[in-house]
Amino acid sequence: MFRMFFIEPVVTCLSPNVHYMVCEAGFEIKENHVINSILSDRGEIRWRVITEHIRYRDSGQTLEYINSVRSLGPICECVHLHLQSLTIEQLEDRFMLWFQWTNCSEIFLEMLQTIKDPDATAVALNLMKLTSCLERALGDMDVLRVFIGSPDGLNLRNILWHGFASPQEIPVKYFSMLLFLTAGLGQLLRNYLLISLTTLVHRPYIIFTSLEDLHIFPDVNQELLSLAEELVMKSSIVLRNMVPFWVTALASFRQSRFADCVILLLPQLESGLRLLFTTVNKCPSRLMTAESSSLYTTFDEMLAKQFNSEETNQLPLLLGEPAMEFLWDFLNHQEGPRVRDHLSHGENSLNDFPREIANCVLAFSITLLCRFSEDEIGPIKSHTLLEPLMNCGSHYCSKFHPATQLKKQILECIRSINTWTDLPAVPEEQIQEIAGLRKDVDFPCTSVIADIFTQLQPYLPQNIRLFVDSVNSLPTEKLLTELCGKHIPVLFCPRMVLEIIVVLRQISTQCHQVSCQVISTCEARYKQWVNKSLRSRQRNNYLCMRRNIRFLSPVLQVILILITLELISIYTVCEKNVSDYQQYLKFLKLILQYTENLVTYTSPEKNKWNETMTLTGKALLKIRTFLGKQLALVQLVEYQPEEI
């Protein structure tokens, strides 16, 4: 049972100054403008008329935001009334051409339809989409900065995307004006392209990868959506003025509008978590939008270990590691979906947004709604449909933290190396026919590999050690799978830990590259052998490679075992003094340098196999020496002589 809080009813999350700027300033001046003064007979926007309403301080360099909003208010009203007076067909005919530069003109058609029937939640949703598209054009246009580019102005993008503004607090005329300006940008761009004789090339959308890693929660079905609607009305993390956002998000998921669902949910998750953050950290004033002189309380601060530089953030303790790891995975980790960043910057195709991500974000949101709900809805919280959802949420482990990604790399690498035994081989009788070929010889460093493995034995699980009889029969995949299954705390990793993980990942990447090169070269050379298209020197080199990869395989396997053991004991680096840490880091970088050189020597361009084995021998001796010193040091520390 989670401790519930008494939370004062919240009327608005906009601070008085921000509320005045957004909801009042643009309505103070009562002037009537005719659309012909703003829009020419040919449908071209008169930018000069609009920019004349931008106000500057005496120097003429600094924008005066509040007076600009006041002056632009009547212009926005005029534009809004004009757009509303047109039919859908007229809007499409006059404006759709000018939205093509955005590369998502079909989304703008929906926005024009919203103008005709301006539901407050739909206006806010479309404004979030619109501002994400426009953000790239902010730099040189003061008029856009008044609307979306500065915390001193209306700042519509941030107050919506960060969950501060409710649907009722966004005047629809600002949405109409931004649509109008977007069309104007299209006209300006068209003129520039005609003059410069260039074409517009759109940057490709970012496509979410690793969707198979996102099958985390059960599928949110219709019955779960109905339960979620009840939870929304009872949950203590849902502000009453934000309920329409939640309701529309659930409806969007029902309608398979997955981007809309996530765009609506993310700001509300931020708003709900901010409510918890300000309550447990006893800083209620931070629930409101900040002024331009201070920072907003956003996900970045709420998910951090500390706030105000030195105070311990109590929110992670309240949410628990599984919820925190989910939020870090989906919002922050570089190899995760980073859904808020990509969506809010217009980097995703809204029409092709993956259902898997929407299902994850919605399912996680439902778990929070359930956890922080009033006691009187106990029957809903104990509903059998919620059990698997809550169970998945309470056992979530990070999938996109660098440590988790390293585990994934290691297992992919060992599976690749294990396929070497299945590579096509030249029959022995054909090999004997080649005059002058060196006979099969033992790798001189086999004993060194055995020594290294013996040095690692104390750190291996008992049940694995029993099955190891030689370096040629290492049960490496089984061992690595078991080791990678061990839980490693990843929340708020110290810098030293992350630094080591970076090097370990680089080593793993190089090992995998070597394996891929071996597979590719073996397959290509075998085909050439069969086709008898290899020259004499190439035949000898190919057979040399086939002989040496039998020795290279256990070397790479031992390296993978070593870096996996380093990973599962990664936090011991925090106990090292500066000198020991630098020596340890130097050792790992020595292994990295060896694997990088290995990639070069085994590449199809180089294919230097005798040099590869010489390099390998030297590297193994250095690894054995370092591990020997470390083991001796451990034994010295553990040795406690009896008192005389």
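Residues numbered from 1 in each chain as written. Predicted model: local features only at pLDDT ≥ 70, side-chain atom pairs only at ≥ 80, totals over all residues. Heavy atoms only, no water.

**Q** Would you explain the overall build of the chain in this entry?
**A** Helix and strand content of the chain: 28 helices and two strands. For the chain, the share of sequence-separated contacts (at least 6 apart) that also reach a separation of at least 24 residues comes to 77%. Only carbon and sulfur atoms are counted for the fraction: they give 52% of the accessible area of the chain, which is about 30,600 Å². (Helix = DSSP H or I, 4+ residues; strand = E, 2+ residues; numbered from the N terminus. Contact = heavy atoms within 4.5 Å. Areas by Shrake-Rupley, 256 points an atom, 1.4 Å probe, with all protein chains shown as cover.)

**Q** Help me understand the nonpolar core, please; the structure alone is not making it clear to me.
**A** By size, the foremost hydrophobic cluster in this structure holds 138 residues, and its most contacted members are Val143, Phe147, Leu156, Ile159, Leu178 and Leu319. The biggest single contributor to this core is helix H12 (residues 258–280), with 14 residues. Counting contributing residues per domain, this core is built from domain 1 (16–196) and domain 2 (211–395), each supplying no fewer than three. Excluding anything up to four places from it in sequence, Ile159 contacts Leu14, Val18, Val22, Leu154, Phe164, Ala165, Ile170, Thr289 and Tyr296. Ranked by size, the runner-up nonpolar core spans 72 residues in total, among them Leu406, Tyr542, Leu565 and Ile591. (Core = buried A, V, L, I, M, F, W, Y, C linked by side-chain atoms within 4.5 Å. Buried < 20%, exposed > 50% of the residue type's maximum accessible area, 1.4 Å probe, protein only. Domains from an automatic or database assignment.)

**Q** In this structure, what is going on with the environment of Ile170? I would like to understand it.
**A** One can find Ile170 in the loop between helix H8 (156–161) and helix H9 (172–196). Residue classification places Ile170 among the buried positions, given a relative accessible area of 7%. Considered as a pair, Ile170 and His19 are 151 residues apart in the sequence and their alpha carbons are 9.9 Å apart. If we skip the residues at most four places from it in the chain, Ile170 touches Val22, Leu127, Leu156, Ile159, Leu160 and Ala165.

**Q** Would you take a moment to explain the pattern of salt bridges for this structure?
**A** Within the structure shown, the criterion is met by 21 salt bridges. Among the salt bridges present, the one from Asp219 reaches Arg355, with a minimum N-O distance of 2.3 Å. Of this pair, Asp219 sits in the loop between H9 and helix H10 (222–234) while Arg355 is found in helix H17 (residues 355–371), placing the two residues 136 residues apart along the sequence. Note that Glu229 and Arg254 form a salt bridge whose closest N and O atoms lie 2.7 Å from each other. Separated by 25 residues along the polypeptide, Glu229 in helix H10 and Arg254 in helix H11 (residues 243–254) bring together distant segments of the chain. Classification of Arg254 as partly exposed rests on a relative accessible area of 30%. Through salt bridges with shared partners, a single ionic network connects Glu110, Lys129, Arg257 and Asp260. (Salt bridge = Lys/Arg side-chain N within 4 Å of Asp/Glu carboxyl O.)

**Q** Where do I start with empty space enclosed by the protein in this structure?
**A** In this approach, a probe sized like a water molecule rolls over the atoms, and the result shows the empty space that is left. Under the definition given, this model contains one cavity of 30 Å³ or more. Of the voids in this model, the largest cavity is the one considered here, and its volume is about 40 Å³. Considering the residues around the largest cavity, the lining is formed by Leu266, Leu269, Phe326, Leu327, Phe330, Leu331, Val361 and Phe364. Contributing elements (two or more residues each) for the lining of the largest cavity: H12, helix H15 (321–331) and H17. Sort the elements by how many residues they give to the lining of the largest cavity and H15 lands first, with four residues. Across the lining of the largest cavity, the residue classes break down as eight nonpolar, no polar and no charged. (1 Å grid on protein atoms, 1.4 Å probe; cavity = no way out; pocket = protein on both sides within 12 Å on 5 of 7 lines; lining within 4 Å. Points joined across faces, edges and corners; volume = space filled by probe spheres on them. Nonpolar A, V, L, I, M, F, W, Y, C, P; charged D, E, K, R; others polar.)

**Q** What is the right way to read the UniProt feature "transmembrane region" (unreviewed entry) in the chain from this model?
**A** In this numbering, the UniProt entry assigns the feature "transmembrane region" (unreviewed entry) to residues 551–573. Here residues 551–573 runs as 78% helix and 0% strand, with 32 Å between its end C-alpha atoms. (UniProt positions renumbered as here; feature names shortened; annotations may be inferred.)

**Q** How should the packing of aromatic side chains be read in this particular structure?
**A** How two aromatic rings sit relative to each other is given by the distance of their centres and the angle of their planes. All told, the structure shown has 13 aromatic pairs when counted by the stated rule. With 6.0 Å between their ring centres and 70° between their planes, Phe147 and Tyr174 make a pair best called edge-to-face. Here Phe147, found in helix H7 (residues 142–149), pairs with Tyr174, found in helix H9; they are 27 residues apart in sequence, far enough to count as distant. Taking relative accessible area as the criterion, Phe147 reaches 1% and is therefore assigned buried. With a centroid separation of 5.4 Å and 75° between ring planes, the pair formed by Phe326 and Tyr396 is classed as edge-to-face. One end of the pair, Phe326, is in helix H15; the other, Tyr396, is in the loop between helix H19 (386–394) and helix H20 (402–418), with 70 residues separating them in the sequence. The burial state of Phe326 is the same as that of Tyr396; both residues are buried. Aromatic rings pair up to connect Phe217, Phe326, Phe330, Phe364 and Tyr396 into one cluster. It is Arg274 that lies over the ring of Phe164; its NZ or CZ is 3.7 Å from the centre. A cation over a ring is seen here: Lys576 above Tyr584, with NZ or CZ 4.9 Å from the ring centre. (Phe/Tyr/Trp six-rings, centres within 6.5 Å; stacked < 30°, edge-to-face > 60°. Lys NZ or Arg CZ within 6 Å of the ring centre and 35° of its normal.)

**Q** What exactly am I supposed to notice about H19 here?
**A** Because each turn of an α-helix spans 3.6 residues, side chains separated by three or four positions end up pointing in the same direction. Considered for burial, the residues of H19 that qualify are Leu386, Leu389 and Gly393. Buried positions in H19, seen along its axis, are confined to an arc of 65° and lie on one side of it. (Arc of directions from axis to C-beta.)

**Q** Just checking my understanding: could you explain the environment of Trp98 for this structure?
**A** Its location among the elements puts Trp98 in the loop between helix H4 (88–95) and helix H5 (105–116). The contact partners of Trp98, leaving out residues within four places of it in the chain, are Thr182, Ala183, Gly186, Gln187 and Arg190.

**Q** When you look at the packing of H20 against helix H24 (residues 476–484) in this model, what are you seeing that I'm missing?
**A** A pair of packed helices can be characterised by two numbers: the angle between their axes and the separation between those axes. Where H20 contacts H24, the axes come no closer than 10 Å and their chain directions differ by 170°. What the angle tells us is that H20 and H24 run roughly antiparallel. Judged by residue contacts, Lys407, Ile410, Leu411, Ile414, Arg415 and Asn418 of H20 engage Thr476, Glu477, Leu480, Thr481 and Cys484 from H24. Its residues assigned to classes, the contact of H20 with H24 comprises five nonpolar, three polar and three charged. (Axes fitted to C-alpha atoms, helices over the stretch in contact; angles between N-to-C directions. Parallel < 35°, antiparallel > 145°, perpendicular 65-115°, else oblique.)

**Q** What should I look at first to understand the packing of helix H6 (residues 120–134) against H9 in this one?
**A** Taken N-terminus to C-terminus, the directions of H6 and H9 make an angle of 30°; their axes are 10 Å apart at the nearest point. With respect to each other, H6 and H9 are oriented roughly parallel. When you trace H6 past H9, the crossing you get is left-handed. In contact with Val123, Asn126, Leu127, Leu130 and Leu134 of H6, H9 contributes Val172, Phe175, Leu178, Leu179, Thr182 and Leu185. In the contact of H6 with H9, the residues fall into nine nonpolar, two polar and no charged. (Left-handed = near helix turned anticlockwise from the far one by under 90°.)

**Q** Explain helix H26 (residues 536–568) to me, please; I cannot follow it from the model alone.
**A** The first and last C-alpha atoms of H26 sit 48 Å apart over 33 residues, in line with the 48 Å expected at 1.5 Å per residue. Counting buried positions along H26 yields 26 of 33 residues, so the element is predominantly enclosed. (Expected span 1.5 Å × (residues − 1).)

**Q** Just checking my understanding: could you explain the side chain of Arg157 for this structure?
**A** Relative to the elements of secondary structure, Arg157 occurs in helix H8. Residue class for Arg157 comes out buried when judged on its relative accessible area of 10%.

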